[in-house]
Amino acid sequence: MSLDTQWPEEKVVSQQALADAVAEQAEGCFWREGLGPLRLYGQADLGCLLLAHGAGAGHRSAFMQQFASALARNGLQVMTFDLGYMQQMQATGKRRPPPVIHRSVAELAHWYACLAPLTVKPLWLGGKSMGGRAASMLASEQPCPGLVIAGYPFHPPKAPDKLRLAHWSRVQVPALILQGERDPLGSRDQVAGYTLPDNARVAWLTDGDHGFKPRRASGLDQTILIDEAAALGASFVRAQSLQ
């Protein structure tokens, strides 16, 4: 998977300067005091998406960079950021587990409150794995236009009986879950037995695992599946905006 090794310089900005950058649909990295790092990708031709990272890797990860870039190529203005615990990992170089999920939901809510008034089109919520779980939990608590989630963690690793679905009955917005068929946190066979609301759709990525990586024998590769997921996500946002 390709990775932007030349991470753009993070510019410390005021709320007004950030508002100008978002409105002008500038690309680059910024630092908002009190919140942390933010990267902006793409133009809001179809819509805008705030994308939260997964538990083990922040918004600089190869997956987050490629997925955000691919979504941007498909017409979305995408915003990625690091949660507080990930900022500490970046600063210290020491790994640490994420906090309880409700703290991540609260941080995501702060980012959303900061950015939603600034975007030229309504700001969707989304995320990778844990970030997608936090986004869906936030959507169950407050309004947003919709959800785009990559690799939803339907249950913890090796604990398929501990489902993370209780809040989904309160999610009333259009939601797209992009899921690898072999995802160990919710495979195609497992999810077939789950109950999701009618407004939630699952799109399956052939032979993909939790990071959309297929087996070599499939004839596919991870980049192809991430690009496919991004095209599906952007198309979903566009379809909802036309209704």
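Here, every reference points to the structure presented above.
Rules used throughout
Residues numbered from 1 in each chain as written. Predicted model: local features only at pLDDT ≥ 70, side-chain atom pairs only at ≥ 80, totals over all residues. Heavy atoms only, no water. Helix = DSSP H or I, 4+ residues; strand = E, 2+ residues; numbered from the N terminus. Rg over C-alpha atoms; globule rule 2.2 N^0.38 Å. Buried < 20%, exposed > 50% of the residue type's maximum accessible area, 1.4 Å probe, protein only. Contact = heavy atoms within 4.5 Å. Areas by Shrake-Rupley, 256 points an atom, 1.4 Å probe, with all protein chains shown as cover. Lys, Arg positive; Asp, Glu negative; His and termini not counted. Charge placed at Lys NZ, Arg CZ, Asp CG, Glu CD. Core = buried A, V, L, I, M, F, W, Y, C linked by side-chain atoms within 4.5 Å. Disulfide = S-S within 2.5 Å. Phe/Tyr/Trp six-rings, centres within 6.5 Å; stacked < 30°, edge-to-face > 60°. Lys NZ or Arg CZ within 6 Å of the ring centre and 35° of its normal.

Asks: Explanation requested: the overall build of the protein chain in the structure shown.
Replies: Secondary structure summary: the protein chain contains 7 helices and 9 strands in total. Relative to the globule expectation of 18 Å for 243 residues, the C-alpha radius of gyration of the protein chain, 17 Å, shows essentially globular dimensions. With the C-alpha coordinates aligned to their principal axes, the bounding extent of the protein chain is approximately 50 × 45 × 35 Å. Looking at the protein chain as a whole, 54% of its 243 residues qualify as buried. Restricting to contacts in the protein chain with at least 6 residues of sequence separation, those with at least 24 account for 68%. For the protein chain, the accessible area works out to roughly 11000 Å², and carbon and sulfur atoms hold 50% of it. The distance from the centre of the 23 positive side-chain charges to the centre of the 21 negative ones in the protein chain is 6 Å.

Asks: Help me out: how do you make sense of the nonpolar core in this one?
Replies: Generally speaking, soluble globular proteins have nonpolar side chains that are buried together. Core analysis: the biggest nonpolar cluster contains 51 residues, and Leu50, Leu108, Leu115, Leu125, Leu147 and Trp168 have the highest contact counts within it. Here the element with the most residues in this core is helix α4 (residues 101-115); it accounts for 8 residues. Residues Cys29, Leu76, Phe212 and Ala229 belong to the second largest nonpolar core, which totals 29 residues.

Asks: Just to check I follow, could you spell out the side chain of Ser129 for this structure?
Replies: Here Ser129 shows up in the loop between β6 (123-128) and α5 (130-139). When residues no more than four places from it in sequence are discounted, the contact partners of Ser129 are Gly54, Ala150, Gly151, Pro153, Leu185 and His210.

Asks: Would you explain the state of the cysteines in this entry?
Replies: Note on terminology: a disulfide is the covalent bond linking the sulfur atoms of two cysteines. Per the stated rule, a full pass over the model turns up 0 disulfides. Sulfur of Cys29: no disulfide; nearest cysteine sulfur belongs to Cys114 and is 16 Å away. Cysteine Cys48 shares no disulfide, and the gap to the nearest cysteine sulfur, in Cys144, comes to 13 Å. Judged by its relative accessible area of 1%, Cys48 is buried.

Asks: Sorry, what's going on with the packing of aromatic side chains here?
Replies: A full pass over the atoms with the stated rule returns 7 aromatic pairs. Measuring from centroid to centroid gives 4.9 Å for Tyr152 and Phe154, while their planes differ by 75 degrees, and the two rings are edge-to-face. Overall, the relative accessible area of 0% leaves Phe154 in the buried class. Grouping aromatic residues by their ring pairs yields a cluster made of Tyr152, Phe154, Trp168 and Tyr194. Across the ring face of Trp7, the terminal group of Arg39 is positioned such that the distance to the ring centre comes to 4.6 Å. Across from the ring centre of Phe63, 5.2 Å away, lies the NZ or CZ of Lys128, which sits over that ring.

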